[in-house]
Amino acid sequence: MVQSWTNLIESNTVEHFRTHILLTGADHNIISRNNVTRSWDLGDERRYCGIDMYGSSHNLVINNFVGSVAASGIRVFGTSVGNTLQANTVEDVGHAGIQLHHGSSSNELVNNRLSGNAYGIILDGVSDNALRDNALVNNSWSAFDNGDNTWHGNYYGDYAGGDSGGDEVGDSPYLISPSGIDRAPLAEAPEIVAVDTPDLGPASAAPEPSGWLWVNTDEVWVDEILEVEQEIAITDGGSLTIKDSTVRLLHNVWIEEGGSLVLENANLTVDAVDFRFLDVGSGGTLVVLNSRVSGNGQSIGVHENGHVRIENSELYWLGGWDADGAVNIRTSDAIIKDNLIFGSYNGIALDSTAVGSQVVGNTIAGGGEGISFFFAPTTIVRDNVISRMMGAGISGTLIDSTVAENTFQDIWGPSIRLVPASPEQDSVGNSVYENSFINCGAAFDDGVDNVWYSEDKSRGNYWSDYRERYPSAVEHSEHPGIWDTPYTIGTHHQHETKQDIYPLMHAPVLYYRSLEVAAPDTVELIFSQNLYNALASEDELKSAITFAPAAATYKPLGEGDFVSISANKLTITFAEELSGNMNRIRIAAGSLEDGAGMPIDYELRIAEFGFQEEEDLFSLYLPIVCRE
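The shown structure was predicted, so the numbers you read here are calculated from the model rather than taken from an experiment.

## Quick look at the overall build of the protein
Secondary structure summary: the protein contains two helices and 67 strands in total. Counting the 628 residues in the protein, one finds 54% classified as buried. Across the protein, contacts joining residues at least 24 apart in sequence account for 50% of those joining residues at least 6 apart. A total of about 25000 Å² of accessible surface is found on the protein, and carbon and sulfur atoms cover 46% of it.

## Points about the pairing of strand E60 (residues 545-548)
Note that E60 and strand E64 (residues 583-587) share four bridges and pair antiparallel. Residue Ala 548 lies in a different strand from E64, and its bridge partner there is Arg 584. The sheet contact formed by E60 and strand E61 (residues 555-556) spans two bridges and is antiparallel. Paired with Phe 547 across the bridge in E61 is Lys 555.

## Observations regarding the side chain of Asp 124
Mapped onto the secondary structure, Asp 124 falls in strand E15 (residues 119-124). When its relative accessible area of 5% is taken as the criterion, Asp 124 is described as buried. Here the side chain of Asp 124 touches His 101 through a polar contact of 3.4 Å, side chain to side chain. Discounting residues that sit within four places of it in the chain, Asp 124 has contacts with Leu 100, His 101, His 102, Phe 144, Asn 146, Arg 388 and Trp 412.

## Examining the pattern of salt bridges
One pass over the structure, following the stated rule, counts 14 salt bridges. Glu 314 is the partner of Arg 292 in a salt bridge, and the nearest nitrogen-oxygen pair spans 3.5 Å. In this pair, Arg 292 sits in strand E34 (residues 292-294) while Glu 314 sits in strand E37 (residues 314-316), placing the two residues 22 residues apart along the sequence. The burial state of Arg 292 is the same as that of Glu 314; both residues are buried.

## Observations concerning a negative patch on the surface
A cluster of acidic residues, Asp 167, Glu 168, Asp 171 and Glu 188, forms a negative patch on the protein surface. Mapped onto the elements, Glu 188 comes out in the loop between strand E22 (180-182) and strand E23 (212-215).

## What to know about the confidence of the model for the protein
Summary statistics for the protein give a mean pLDDT of 85 and a share of 87% for residues scoring 70 or more. For the stretch residues 612-628, pLDDT sits under 50, and the model shows 79 contacts to residues farther than four places along the chain or on other chains.

## Digging into the sheet that holds E15
The strand order E3-E6-E9-E12-E15-E18 describes an open sheet built from six strands, whose pairing is parallel. The outermost strands of the open sheet, each flanked by one partner alone, are strand E3 (21-24) and strand E18 (141-145). With direction set aside, neighbouring strand axes in the sheet form an average angle of 5°.

## Observations regarding the sheet that holds strand E48 (residues 402-404)
In space, the 10 strands of this open sheet follow the order E24-E27-E30-E33-E36-E39-E42-E45-E48-E51, with parallel pairing throughout. Strands at the two margins of the open sheet, each flanked by one partner only, are strand E24 (218-222) and strand E51 (431-433). Here the strands of the sheet are splayed against their neighbours by 5° on average, with no regard to which way each runs. Pairing of strand E33 (residues 285-289) with strand E36 (residues 307-311) involves five bridges; the strand directions are parallel.

## What to know about the nonpolar core
Core analysis: the biggest nonpolar cluster contains 64 residues, and Leu 261 and Ile 371 have the highest contact counts within it. When residues no more than four places from it in sequence are discounted, the contact partners of Leu 261 are Ile 234, Leu 240, Ile 242, Val 253, Ile 255, Leu 278, Thr 285, Leu 286 and Val 287. If you look at the next biggest cluster of nonpolar residues, it comprises 31 residues, including Met 53, Val 93, Leu 109 and Tyr 156.

## Focus on the pairing of strand E46 (residues 385-389)
Within E46, five of the five residues are buried, which leaves the element mostly enclosed by the surrounding structure. For strand E43 (residues 363-367) and E46, the ladder comprises four bridges, and the chain directions are parallel. Across the sheet, residue Ile 364 finds its bridge partner in E46, namely Ile 386. The pairing of E46 with strand E49 (residues 407-414) spans four bridges and is classified as parallel.

## Some thoughts on the environment of Arg 33
Here Arg 33 lies in the loop between strand E4 (30-32) and strand E5 (35-37). Excluding anything up to four places from it in sequence, Arg 33 contacts Glu 10, Ser 11, Asn 12, Ile 62, Asn 63, Asn 64, Ala 194, Val 195 and Thr 197. One polar contact links the side chain of Arg 33 to the main-chain carbonyl oxygen of Val 195, over a distance of 3.4 Å.

## Observations regarding unusual backbone geometry
Residues other than glycine predominantly adopt negative phi, and peptide bonds predominantly adopt the trans conformation. Each neighbour pair has its own omega, and for Ser 177 with Pro 178 the value is -5°, a cis peptide bond. The phi angle at Asp 92 is positive, at roughly 55°, despite the residue not being glycine. Along the chain, Asp 92 turns up in the loop between strand E11 (89-91) and strand E12 (96-101). On the basis of relative accessibility, which here comes to 47%, the residue Asp 92 falls in the partly exposed class. The residue Asp 400 is not glycine, and still its phi comes out positive at about 50°. Within the secondary structure, Asp 400 sits in the loop between strand E47 (394-399) and E48. Taking relative accessible area as the criterion, Asp 400 reaches 46% and is therefore assigned partly exposed.

## A closer look at the environment of Asp 383
For Asp 383, the position within the fold is in the loop between strand E45 (380-382) and E46. With relative accessibility at 10%, the residue Asp 383 sits in the buried group. In sequence terms Asp 383 and Val 403 are 20 residues apart; their C-alpha atoms lie 8.9 Å from each other.

## Observations regarding the environment of Ala 130
Looking at the element boundaries, Ala 130 is found in strand E16 (residues 130-132). Considering only alpha carbons, one finds Ala 130 and Ser 105, 25 residues apart in sequence, at a separation of 9.1 Å. Every residue in contact with Ala 130, bar those within four places of it in the chain, is listed here: Asn 107, Glu 108, Leu 109 and Thr 150.

## Some words on the packing of aromatic side chains
Under the definition given, this model contains 19 aromatic pairs. Ring geometry for Tyr 453 and Tyr 502: centres 5.5 Å apart, planes at 80°, overall edge-to-face. Residue Tyr 453 is located in the loop between strand E53 (444-445) and strand E54 (462-463), and its partner Tyr 502 is located in the loop between strand E56 (498-500) and strand E57 (509-519); the two are separated by 49 residues in the primary sequence. For Tyr 453, a relative accessible area of 18% gives the class buried. When the ring of Tyr 470 is compared with that of Tyr 487, the centres are 5.9 Å apart and the planes differ by 65°; the resulting orientation is edge-to-face. Of the two residues, Tyr 470 sits in the loop between helix H1 (466-469) and strand E55 (487-489) while Tyr 487 sits in strand E55, which places them 17 residues apart along the sequence. As far as burial versus exposure is concerned, Tyr 470 and Tyr 487 are alike and both buried. Its guanidinium or amino end placed over the ring of Phe 562, Lys 542 lies 6.0 Å from that ring's centre, counting from NZ or CZ.

Parameters at a glance
- Starting from 1, residues in each chain are numbered consecutively following that chain's sequence as written.
- Only residues with pLDDT of at least 70 are given local features in this predicted model, and only at 80 or more are side-chain atom pairs given and counted; all residues enter the totals for whole chains, interfaces and linings.
- Computation of side-chain values covers all heavy atoms of the structure but excludes hydrogens and water.
- Helix and strand assignments come from DSSP, with helices taken as H or I runs of at least 4 residues and strands as E runs of at least 2, each series counted from the N terminus.
- Here's how the labels work: a residue is buried when its accessible area is under 20% of the maximum for its type, exposed when over 50%, partly exposed in between, all with a 1.4 Å probe on protein chains only.
- Any pair of residues with heavy atoms lying within 4.5 Å of one another is described as a contacting pair.
- For accessible areas, the Shrake-Rupley method is used with a probe of radius 1.4 Å. Any residue's cover is judged against the shown protein chains and nothing else.
- Here, any two strands with at least 2 DSSP bridges between them count as paired.
- The definition of a polar contact used here is a pair of N or O atoms within 3.5 Å, where within protein one atom must be able to donate a hydrogen and the other to accept one, and adjacent residues in sequence count solely through side-chain atom pairs.
- Salt bridges are defined as contacts in which a side-chain nitrogen from Lys or Arg sits within 4 Å of a carboxyl oxygen from Asp or Glu.
- Each patch is assembled from residues with relative accessible area greater than 30% and no salt bridge, linking like charges that lie within 9 Å and nonpolar side chains (Val, Leu, Ile, Met, Phe, Trp, Tyr) that lie within 5 Å.
- For the purpose of charge, His is not counted, nor are the chain termini; Lys and Arg are scored as positive and Asp and Glu as negative.
- Every charge is mapped to an atom, namely NZ of Lys, CZ of Arg, CG of Asp or CD of Glu.
- pLDDT is a residue-level measure of predictor confidence that goes from 0 to 100.
- Fitting a line to C-alpha atoms yields each axis, with helices limited to the stretch in contact; the angle taken between N-to-C directions then spans 0 to 180 degrees.
- To form a nonpolar core, buried Ala, Val, Leu, Ile, Met, Phe, Trp, Tyr and Cys residues must be joined to one another through side-chain atoms within 4.5 Å.
- Each pair of aromatic rings taken from Phe, Tyr and Trp, with Trp reduced to its six-membered ring, is defined by centres within 6.5 Å and is described as stacked if the planes are under 30 degrees apart, edge-to-face if over 60, and tilted in the remaining cases.
- Here, over-ring charges are defined by two tests on the NZ atom of lysine or the CZ atom of arginine: distance to the ring centre within 6 Å, and angle to the ring normal within 35 degrees.

Right, here's the structure in full:
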């Protein structure tokens, strides 16, 4: 169901599908008493879930059975909030019985049975969820939680704390790696009690447009705060420039031949209902500079012979399953550069007409796949950070393209997956080198004539699992900094070996590791190696840092703020205590040096950390990487 409200899905048997029941942008629905079994597993890491909810809120998922699916039984992600999962049984799934990801908060998991799965429950990058009276039985790992969620009164099959008081509550808390805790774990598995299916509320639907706003002359909105209820059509040589303004769109923007839209220092919030809220037709032009765009799972779509340039901007919660990517490119020579793309099912999607496009210097995090390709010849993918993806970092059919100097970090699926689009079209002729693969799933190459190193430089890629796979390897006798044993790339082609023959001993990037809140007014940024001030003084370094409190615009640090560097730690002490979520920090290029004295010539972005309930709690969603 896509963009559907107040529906009942009840008493169905669903077998042998990809995702059996899928909600995208669908609220106030009931999924009850369904039997969901045996999803597809295509053998190349394309695995599917039983019940999936993306950007869907206030739904009831009750009394369902999910069994023998390839990935997770029930998955909730993409800012799905206020859902209740109760009295469900999930057995024998390849990943998690129940899995919550990426901004999905304020959900309740009550009296579910998770049995015989790889994980019972996974909470990854989410907070404020409540879990009680669940039975986690005979899973390989009971649970994972890296957020701030409430576990109380659940049963864990591997609990060893005892019940000396006989009150059916364990004597000691149950610790959930890395940051969760259940202070009242149950000593016995609770019975799963079915709940009644409530009556549906009155049917609702998306609001209808109140008309059209036609732009066929040059129009400029400057220093405005607007809510636009009409659909916007920019056509016949018309142009719309939105500058230094905050605009909420309730419907879509259509940029037709000869029309152009320019966003500059704009804050655009999207509540549109169609798949693509910004649709750039043939001959249309879209330019987004230094702006922030946030939405509800809709995308920016650029058709063949359209024109697009998106730079130094932040895109949040765009691109649902049905919309392909936050940015969906079907035109040549697109430029997507130095942006932050967070919380999108796919960050950037390119198809066969996206010839010669550049995807450079972006941070793409917290979604399904970072960059997906359907042919996309001669694309340059360079200097990007792709992290915390449920699927692959890069996936699809890529032709005669370069994937170099990127960082892939904390990716559940393959870091890179090169696959044929059809028997007639392979991933072919690509060069993959000087990338860092840190805590990622295996890379796959089912294409032809792809090279995982640079012959000219005698340099391949950095693999964080190299020492584990090749414990006897030593430094190459003729190539300093290179291991002497090639790194084997996964493939499903029989009788064919694909290798990185120059695997790097050290990551070719200085990468951001973590953020710590030392006090309500102090933030410590910790990096992978020592830092040095490349400027003349700490005052100049302070001038190179800007701060955006609680989603406001970036501003210089204040007179009473201080900055210092010690070893691999940069400390910022603010004159006033911090509050709220979505605080962001930028550090200008050229202001820091690494341990080798090399200038860090890329801007660092530390985004999305915050405080809750006036405590020194924080949530940092993005690892930030800077190239040497």
